[in-house]
Amino acid sequence: MHEQTLAIHAGYDKDAMGTMAVPIYQTTAYEFRDSEHAANLFALKELGNIYTRLMNPTSDVFEKRFAALEGGVAAIATASGMAAIFYAIANVAEAGDNIIVAKQVYGGTTTLTGHTIKRFGIETRYFNVANPSEIEALIDEKTKIILFESITNPSIDVADLSAIVSIAQKHDIMTCVDNTVATPILCKPFESGVDVVVHSTSKYTTGQGLALGGIVVERHGLVDLIKDNDRYSHFNEPDESYHGLVYSDLPLPLFTLRVRLALMRDLGATPAPFNSWLNIQGLETLPLRMKQHSTSAMAIAEFLEAHPKVSKVNYPGLKSDANHANASKYMKGGFSGLLSFEVANKETAQKIADGTDIFAVVVNIGDSKSIITHPASTTHQQLSAQELIDAGVPGGLVRLSVGLEDTQDLIDDLTKALDNA
Ligand code: PLP
């Protein structure tokens, strides 16, 4: 099936359910047929609903639909994108381990990997996403995952997925891509051999800035990497917290299953059923919206490139952009709605942000409503001067999330703001 059809139908059996729209299962718990049924569910002898912290039928449709769009085998929805990223890390790494992360990632991912998980005893080693050859020297026997973004936020680099995957495969290490900005419509990391994909679904997936959410998606056949791999011994040894369950022995997608059974059980960053329902509504139009976001962003990038006050435009759709070759290789149907540009300094950048009417000064991306952000003073404010440079966030950088308004209106809005800055 084509993706526009999957986006509307995958994961939901309307003939069995009898409703055109997916119902919202607004419930905390589920009634078991009897005690034996309950015991079987807890022992994983039967699969079924136990408690919404672990699973929910509305979230289940969202998870199946998202996995279908990514071309993955299974997914687990989370309360936010940050929860999804944390789960992907915590599912493989423990105190004494290390992970390898691109320098150019969302500010929250930098603080999570550089500060919060350090307190859990997990070390993060950083590489420049534009130079994957740096990865090899960072790997040792305690390295558990290589994490990077397909399109980076806000520096808008495009990762060379195959180059990173081939280094990881040489050492039997898992790769995890945050595909939030590209979306499963424009980029499919599993086709390049990536093992796990995470998203903040708070962005393009809901599409109108309606609901926080995240998702972890697993590729087909990930068991082959994990089975008998010493790096992932906890998947191959009995889990004492689950009566000696050995994940890699199960005929089930094991990465997302372990997130559900162990991490969701104990940490509980579960999505609200209503948020999963909003995400389902968003997915239905995601392919159509991504085309329009991309077309409009391309026109705006070309306009900015020709503007005398703009010294640099970062948009992978532009032929002049350093990431154009990677973008053309890994993206199909457009280059998404996120772009950034540089002006003389922080003051000019802030004046431009304050001078727009349609673009709202907001720290979000992927909304139908256009957004302008000054990352150095907002999303990336907690980063040190060196971290800002590493993340590609100079003071004069302005980020745009191009929405779905009329393109010419957006260009007129930016023209006015730039002229007055
Ligand atoms: N990943 C990327 C690329 C993001 O841009 C963001 C948020 O802006 C996140 C993850 C975090 O997602 P959330 O805000 O849903 O926790």
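Residue indices follow the written sequence of each chain, beginning from 1 at its first position. Totals for whole chains, interfaces and linings use all residues, but because this is a predicted model, local features are given only for residues with pLDDT of at least 70 and pairs of side-chain atoms are given and counted only at 80 or more. Where side-chain values are given, they derive from all heavy atoms of the structure, hydrogens and water being excluded.

### Description of unusual backbone geometry
Cis geometry is adopted by the peptide bond preceding Pro154, which originates at Asn153 and carries an omega value of 10 degrees. Counting through the fold element by element, Pro154 comes out in the loop between β4 (143-149) and α7 (161-170). Non-glycine residue His243 carries a positive phi angle of around 50 degrees. Tracing the sequence through the fold places His243 in the loop between α10 (233-236) and α11 (254-267). Not every positive phi belongs to a glycine, and Ser336 is a case in point at roughly 75 degrees. Tracing the sequence through the fold places Ser336 in the loop between α13 (324-330) and β9 (338-342). Helix and strand assignments come from DSSP, with helices taken as H or I runs of at least 4 residues and strands as E runs of at least 2, each series counted from the N terminus.

### Focus on the packing of helix α5 (residues 81-90) against α11
All axes are obtained by fitting lines to C-alpha atoms, using only the stretch in contact for helices, and the reported angles, taken between N-to-C directions, cover 0 to 180 degrees. It is the contact of α5 with α11, at a shortest axis distance of 10 Å, that shows an interaxial angle of 110 degrees. Judged by the angle between their axes, α5 and α11 are roughly perpendicular. Contact residues: Phe86, Tyr87, Ala88 and Ala90 in α5; Phe255, Arg258, Val259, Leu263, Met264 and Leu267 in α11. Side-chain classes follow a simple rule in which Ala, Val, Leu, Ile, Met, Phe, Trp, Tyr, Cys and Pro form the nonpolar group, Asp, Glu, Lys and Arg form the charged group, and the remainder, Gly included, forms the polar group. Looking at side-chain class alone, the contact of α5 with α11 contains nine nonpolar, no polar and one charged residues. For classification, angles of less than 35 degrees are called roughly parallel, those exceeding 145 degrees roughly antiparallel, those between 65 and 115 degrees roughly perpendicular, and all remaining angles oblique. By definition, residues are in contact when any of their heavy atoms lie within 4.5 Å.

### Considering the site of the ligand
Any residue with at least one heavy atom within 4 Å of a molecule or strand is counted as near it. Around the ligand, 15 residues are found, and the nearest of them are Gly81, Asn153, Asp178, Ser200 and Ser202. Within the backbone of Gly81, an N or O atom sits 2.8 Å from an oxygen atom of the ligand. Ser202 is positioned with one of its side-chain polar atoms (N or O) 2.5 Å from an oxygen atom of the ligand. Accessible surface area values rest on a Shrake-Rupley calculation with a 1.4 Å probe, where residue burial reflects the displayed protein chains alone. Across the complex, the protein chains shield 92% of the 390 Å² of accessible surface that the ligand would expose by itself. The cavity where the ligand resides is the second largest pocket. Here the shell around the ligand takes three residues from α5, the largest share from any one element. Of the residues contributing to the shell around the ligand, the split by class is five nonpolar, seven polar and three charged. Whenever two N or O atoms come within 3.5 Å, that pair is a polar contact, provided that in protein one can donate a hydrogen and the other can accept it, and provided that, for residues adjacent in sequence, both atoms are side-chain atoms. Buriedness of a pocket was judged along seven lines, with at least five required to meet protein on both sides within 12 Å; pockets are open sets of points on a 1 Å grid over the protein atoms alone, cavities are sets where a 1.4 Å probe fits but cannot get out, and lining residues have an atom within 4 Å of a point. What decides whether a molecule sits in a cavity or pocket is whether more than half of its atoms lie within 2 Å of the grid points.

### Thoughts on the nonpolar core
We define the nonpolar core as a collection of buried residues of types Ala, Val, Leu, Ile, Met, Phe, Trp, Tyr and Cys that are connected through side-chain atoms lying within 4.5 Å of one another. Only protein chains enter the accessibility calculation, which uses a 1.4 Å probe. A residue is then buried if its area is under 20% of the maximum for its type, exposed if over 50%, and partly exposed in between. Residues Phe127, Met174, Ile300, Leu304, Leu339, Phe341 and Leu400 are the most contacted members of the largest nonpolar core, which totals 123 residues. Take this core: its biggest share by element is nine residues, from helix α12 (residues 273-305). Domain delimitation in this document rests on an assignment produced automatically or drawn from a domain database. Mapping this core onto the domain boundaries places at least three of its residues in each of domain 1 (3-274) and domain 2 (287-420). With sequence-adjacent residues up to four places away left out, Leu339 is seen in contact with Ile156, Ala297, Ile300, Ala301, Leu304, Asn314, Tyr315, Val398, Arg399, Leu400 and Val402. Formed by six residues, the second largest nonpolar core is a distinct cluster that contains Ala376, Leu383, Leu388 and Ala391.

### Regarding the domain arrangement of the protein chain
Bring the parts together and some accessible area is lost; that lost area is often taken as the interface size. If you check the domain split of the protein chain, you get domain 1 (3-274) and domain 2 (287-420). Between the C-alpha centres of domain 1 and domain 2 there is a distance of 28 Å. Counting from both sides, the interface comprises 39 residues of domain 1 and, opposite them, 42 residues of domain 2. As used here, buried area is the combined drop in accessible area, with a 1.4 Å probe, of two parts when they are placed together. When the buried area of domain 1 at its contact with domain 2 is split by residue, Ile156, Leu186 and Tyr204 rank highest and sum to 25% of it.

### Thoughts on the sheet that holds strand β11 (residues 371-373)
Between any two strands, pairing holds if DSSP finds at least two bridges. Strand order in the open sheet formed by five strands is β8-β9-β12-β11-β10, and the pairing between neighbours is mixed. The open sheet terminates on both sides in strands that have one partner only, identified here as β8 (312-314) and β10 (360-361). Sheet topology note: the β10/β11 ladder contains two bridges and is parallel. Following the sheet pairing, Val361 is matched in β11 by Ile372. Helix-sheet contacts for α12 involve β8, β9 and β12 (397-401), and the interaxial angle to β9 is about 10 degrees.

### Comments concerning empty space enclosed by the protein
Grid points are joined across faces, edges and corners, and a volume is the space filled by probe spheres set on the points. Tallied over the full model, the rule gives one cavity of 30 Å³ or more. Estimated volume of the largest cavity: approximately 60 Å³. In terms of lining, the largest cavity is formed by 13 residues, of which the most central are Leu54, Met55, Glu63, Thr270 and Pro271. Only α4 (57-70), β1 (74-78) and α11 provide two or more residues apiece to the lining of the largest cavity. The residue inventory of the lining of the largest cavity, partitioned by class, reads six nonpolar, four polar and three charged.

### Quick word on the pairing of strand β3 (residues 123-127)
Judged from the five bridges that link them, strand β2 (residues 98-102) and β3 form a sheet pairing that is parallel. By the bridge assignment, Ala102 is partnered in β3 with Phe127.

### Some points on the pattern of salt bridges
For this document, the term salt bridge refers to a Lys or Arg side-chain nitrogen within 4 Å of an Asp or Glu carboxyl oxygen. Under the counting rule described, the total for this entry stands at 15 salt bridges. Arg33 is paired through a salt bridge with Glu46; the nearest N and O atoms lie 3.4 Å apart. Taken as a pair, Arg33 in the loop between α2 (14-17) and α3 (35-42) and Glu46 in the loop between α3 and α4 lie far apart in primary sequence, 13 residues in all. With a shortest N-O distance of 2.7 Å, Asp266 and Arg265 are connected by a salt bridge.

### Digging into the packing of aromatic side chains
Each aromatic pair joins two rings of Phe, Tyr and Trp (for Trp, the six-membered one) with centres within 6.5 Å, and gets the label stacked for planes under 30 degrees apart, edge-to-face for over 60, and tilted for any other angle. Under the counting rule described, the total for this entry stands at eight aromatic pairs. Summarising the aromatic geometry, the rings of Phe62 and Phe66 are spaced 5.8 Å apart at their centres and angled 85 degrees between planes, so their arrangement reads as edge-to-face. One end of the pair, Phe62, and the other, Phe66, are both in helix α4, four residues apart, so they sit about a helical turn from each other. Its relative accessible area of 1% is what places Phe62 among the buried residues. Ring geometry for Phe274 against Trp277: centres 5.8 Å apart, planes inclined by 15 degrees, an arrangement best described as stacked. With Phe274 and Trp277 both in helix α12 and three residues apart, the pair spans about one turn of that helix. A residue is classified by how much of its surface remains accessible, and Trp277, at 22% relative accessible area, is partly exposed. A network of ring pairs unites the aromatic residues Phe86, Tyr87 and Phe120 as a single cluster.

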